[in-house]
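Chain and residue survey
Chain residues, written in single-letter form:
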Amino acid sequence: MVFFVSLNNIFDKLYKTGGFEQSRNANYRTLKQDREREIPIFGPKYWYGTGASYFAMIYVRF
């Protein structure tokens, strides 16, 4: 009999990664126009890690 437990991010820390911009013809004028908008069209893309998570498994081998 095997019992397996995995705990991840038990302190519920926020992880943010990535941070690329969408592909476009970037020059100062178009970047300035995009930044002056209330909601930019081409904002950066980020991924956020999940909060606390767990995994438990029990199996019997015979």
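For the structure, see preceding data.
Notes on the structure follow. (Residues numbered from 1 in each chain as written. Predicted model: local features only at pLDDT ≥ 70, side-chain atom pairs only at ≥ 80, totals over all residues. Heavy atoms only, no water.)

Secondary structure assignment for the chain yields 1 helix and 4 strands. Secondary structure elements in the chain, listed N-terminal to C-terminal, are β-β-α-β-β. The contacts of the chain with a sequence gap of at least 6 include a subset with a gap of at least 24, amounting to 79%. Carbon together with sulfur atoms contributes 58% to the accessible area of the chain, which is approximately 6,100 Å² in total. (Helix = DSSP H or I, 4+ residues; strand = E, 2+ residues; numbered from the N terminus. Contact = heavy atoms within 4.5 Å. Areas by Shrake-Rupley, 256 points an atom, 1.4 Å probe, with all protein chains shown as cover.)

A grouping of Met1, Phe3, Val5, Leu7, Ile10, Phe11, Tyr54, Ile58, Val60 and Phe62 is seen on the molecular surface, where their side chains present a nonpolar patch of about 1,400 Å² in accessible area. Mapped onto the nonpolar patch, the elements with two or more residues apiece are β1 (2-8) and β4 (53-59). If you tally residues by element for the nonpolar patch, the top one is β1, at 3 residues. With respect to the helices and strands, the residue Met1 is situated in the segment before β1. The exposure class of Met1 is exposed, given its relative accessible area of 79%. (Patch = residues over 30% accessible without salt bridge, like charges linked within 9 Å, V, L, I, M, F, W, Y side chains within 5 Å. Salt bridge = Lys/Arg side-chain N within 4 Å of Asp/Glu carboxyl O. Buried < 20%, exposed > 50% of the residue type's maximum accessible area, 1.4 Å probe, protein only.)

Here the focus is the environment of Leu14. Its location among the elements puts Leu14 in the loop between β1 and β2 (16-20). Residues Leu14 and Tyr48, spaced 34 residues apart in sequence, show a C-alpha to C-alpha distance of 7.2 Å.

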